[in-house]
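# Structural features, examined
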Amino acid sequence: MDTLPPLREVIRRHGLSASKALGQNFLFDGQLLARIARVPGDLAGEEVLEVGPGPGGLTRALLAAGAQVTAIERDHRCIPALEELSAAYPGKLRIIEGDALEIDAPALFEGRPHIVSNLPYNVGTALLIGWLSSDWSPWWQSLTLMFQKEVAERIVSQAGEQAYGRLAVLAQWRSTARIAMPVHRSAFTPPPKVMSAVVHILPGTMPEGARMATLERLTAAAFGQRRKMLRQSLKPVAGALDAAERIGIDVTRRAETVRVDEFVALARALDAPAG
Ligand SMILES: C[S@@+](CC[C@H](N)C(=O)[O-])C[C@H]1O[C@@H](n2cnc3c(N)ncnc32)[C@H](O)[C@@H]1O
């Protein structure tokens, strides 16, 4: 057990009022934070990247779980509170002040970290797409990320479900994604307007012969006009309709009915020379 002061006291002492512009909604419930820190599994001795630690609530839970944490925080005001935490866990917390969208995170690690983050909503999806676009196997071991519930549902949804779209395909074509736990809006200070959920993503094997760039082009076109039949929506992607025909995907279907594995097969066929 650490002997750190309660988080609310830390916030008060450092004058850390939540900034809307930085997407700040803080978590104070120690039990909830400990549950989030357990989602990736046993973190004892594991390296963890945390983006947006804020005053350090989740960071505390990760350190208490025995992780070696690298935390990237953009808000200069939070750094003194994080430095106090670092002093309580000597050698276990590396603090990097900066914008996670601009920092070369893989270069910070020799091994493969878990990424655990209560992400700022406004940058969360951009960071996720970047992490999913990594070379494969990726430089990270797992992703445990807080999202608005609606975004979390888009990440884990299946073909035919309302939330199914581009994000589901990009998140699932070589990973497994699940909702680990819902988080009620009242758990945050200040409470956001919407509910949240923690998503857990584990990398899987890379399907042979399929490329992320091709999948991105196909899903952008197909879901750009999701209510249209593929024969219309895929027209702008040269060769896509021929490729669909070659592998037996009916082009009168709409994108929202095409499963992740079918998009992968289509990407593979599009890149393969027609024989
Ligand atoms: C939703 S708050 C979560 C804070 C804390 N992790 C918690 O659970 O209480 C998001 C945090 O991300 C930080 N942040 C926002 N944009 C960022 C960026 N581009 N890079 C790094 N940190 C960022 C904010 O300053 C804020 O501290």
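Residues numbered from 1 in each chain as written. Predicted model: local features only at pLDDT ≥ 70, side-chain atom pairs only at ≥ 80, totals over all residues.

The protein chain is annotated in an unreviewed UniProt entry as Ribosomal RNA small subunit methyltransferase A from Sphingomonas desiccabilis. Looking at the protein chain in UniProt, the text filed under Catalytic activity (unreviewed entry) is "adenosine(1518)/adenosine(1519) in 16S rRNA + 4 S-adenosyl-L-methionine = N(6)-dimethyladenosine(1518)/N(6)-dimethyladenosine(1519) in 16S rRNA + 4 S-adenosyl-L-homocysteine + 4 H(+)". Comment text from UniProt for the protein chain, heading Sequence similarities (unreviewed entry), reads "Belongs to the class I-like SAM-binding methyltransferase superfamily. rRNA adenine N(6)-methyltransferase family. RsmA subfamily." (UniProt positions renumbered as here; feature names shortened; annotations may be inferred.)

Quick look at the overall build of the protein chain now. Scanning the protein chain from N- to C-terminus turns up 11 helices and 9 strands. For 275 residues, the compact-globule formula gives about 19 Å, and the C-alpha radius of gyration of the protein chain, at 21 Å, lands near that figure. The buried share among the 275 residues of the protein chain stands at 41%. A separation of at least 24 residues holds for 64% of the contacts in the protein chain among residues at least 6 apart in sequence. (Helix = DSSP H or I, 4+ residues; strand = E, 2+ residues; numbered from the N terminus. Rg over C-alpha atoms; globule rule 2.2 N^0.38 Å. Buried ≥ 20, exposed ≤ 12 C-beta atoms within 10 Å, placed from the backbone. Contact = placed C-beta atoms within 7 Å.)

The next point concerns the UniProt feature "domain: Ribosomal RNA adenine methylase transferase N-terminal" (unreviewed entry) in the protein chain. On the UniProt side, "domain: Ribosomal RNA adenine methylase transferase N-terminal" (unreviewed entry) is annotated at positions that read residues 32–205 here. Helix makes up 30% of residues 32–205 and strand 27%, and the two end C-alpha atoms of the span are 32 Å apart.

Now for the sheet that holds strand β4 (residues 93–97). Read from one edge to the other, the open sheet built from 7 strands follows the order β4-β3-β2-β5-β6-β9-β7, with strand pairing classed as mixed. Two strands bound the open sheet, and with one partner strand each, they are β4 and β7 (175–183). Each strand of the sheet is rotated relative to its neighbour by a mean of 20 degrees, with strand direction disregarded. Summarising the sheet, strand β6 (residues 142–148) and strand β9 (residues 196–203) pair through 6 bridges and their orientation is antiparallel. Each bridged residue has a counterpart across the sheet, and for Gln 148 the counterpart in β9 is Ser 196. Seen against the sheet, helix α4 (residues 79–88) touches β3 (68–73) and β4 and runs at an angle of roughly 165 degrees to β4. (Pairing = 2+ DSSP bridges. Axes fitted to C-alpha atoms, helices over the stretch in contact; angles between N-to-C directions.)

Bringing unusual backbone geometry into the picture now. Glycine aside, residues mostly have negative phi angles, and peptide bonds mostly take the trans form. At the junction of Trp 136 and Ser 137, the peptide bond is cis and its omega measures out at -5 degrees in the coordinates. The residue Ser 137 is located in the loop between α5 (121–132) and β6 in this model.

Another point: the site of the ligand. By nearness alone, 23 residues border the ligand, and Gly 52, Gly 54, Ala 100, Asn 118 and Pro 120 come closest of all. Listed by contribution, the elements that provide at least two residues to the shell around the ligand are β1 (26–27), α3 (57–64) and β3. Here the residues of the shell around the ligand sort into 12 nonpolar, 7 polar and 4 charged. (Near = placed C-beta within 6 Å. Nonpolar A, V, L, I, M, F, W, Y, C, P; charged D, E, K, R; others polar.)

The buried fraction of strand β5 (residues 114–118) amounts to 5 of the 5 residues, a majority that puts the element mostly inside the structure. Sheet analysis places strand β2 (residues 47–51) next to β5, joined by 2 bridges and oriented parallel. Bridge assignment links Leu 49 to a residue of β5, and that residue is Ile 115. Relative to β6, β5 is paired through 5 bridges, and the arrangement is parallel. Each residue of the ladder has a partner; that of His 114, found in β6, is Ser 142. Between β5 and its parallel partner β6, the chain crosses via α5, and the hand of that crossover is right-handed. (Right-handed = clockwise from strand over helix to strand, strands pointing away.)

Once the domains are mapped, the protein chain shows domain 1 (7–203) and domain 2 (212–271). Inter-centroid distance (C-alpha atoms) of domain 1 to domain 2 is 33 Å. On the side of domain 2, 13 residues touch domain 1, which itself brings 11 residues to the contact. Taken together, the residues that form the side of domain 1 that touches domain 2 break down as 6 nonpolar, 4 polar and 1 charged. (Domains from an automatic or database assignment.)

Walk down a regular strand and you will see the side chains alternate between the two sheet faces. Most of β2 is tucked away, with 5 of its 5 residues classed as buried. Burial along β2 is two-sided: Glu 47, Leu 49 and Val 51 and Val 48 and Glu 50, pointing in opposite directions, are all buried. Bridging between β2 and β3 involves 5 bridges; their strand directions are parallel. Bridge assignment links Leu 49 to a residue of β3, and that residue is Thr 70. Where the polypeptide runs from β2 across α3 and back to β3, its parallel neighbour, the crossover connection is right-handed.

One way to put it is that helix α2 (residues 30–38) packs onto α3 with a least axis distance of 9 Å and a crossing angle of 60 degrees. Between α2 and α3, the crossing angle belongs to the class labelled oblique. Relative to α3, the crossing made by α2 is right-handed. Residue-level inspection shows Leu 33, Ala 34, Ile 36 and Ala 37 of α2 in contact with α3, the latter providing Gly 57, Leu 58, Arg 60, Ala 61 and Leu 62. (Parallel < 35°, antiparallel > 145°, perpendicular 65-115°, else oblique. Left-handed = near helix turned anticlockwise from the far one by under 90°.)

Our next topic: the nonpolar core. Soluble globular proteins: nonpolar side chains tend toward being buried together. Ranked by size, the top nonpolar core spans 76 residues in total, and within it Leu 62, Phe 147, Ile 155, Val 199, Phe 263 and Leu 266 carry the most contacts. In terms of residue count, helix α11 (residues 260–271) provides more of this core than any other element does, 8 residues in total. Ignoring any residue separated from it by four or fewer positions in sequence, one finds Phe 263 in contact with Val 169, Trp 173, Leu 215, Leu 218, Thr 219 and Val 258. (Core = buried A, V, L, I, M, F, W, Y, C linked by C-beta atoms within 7 Å.)

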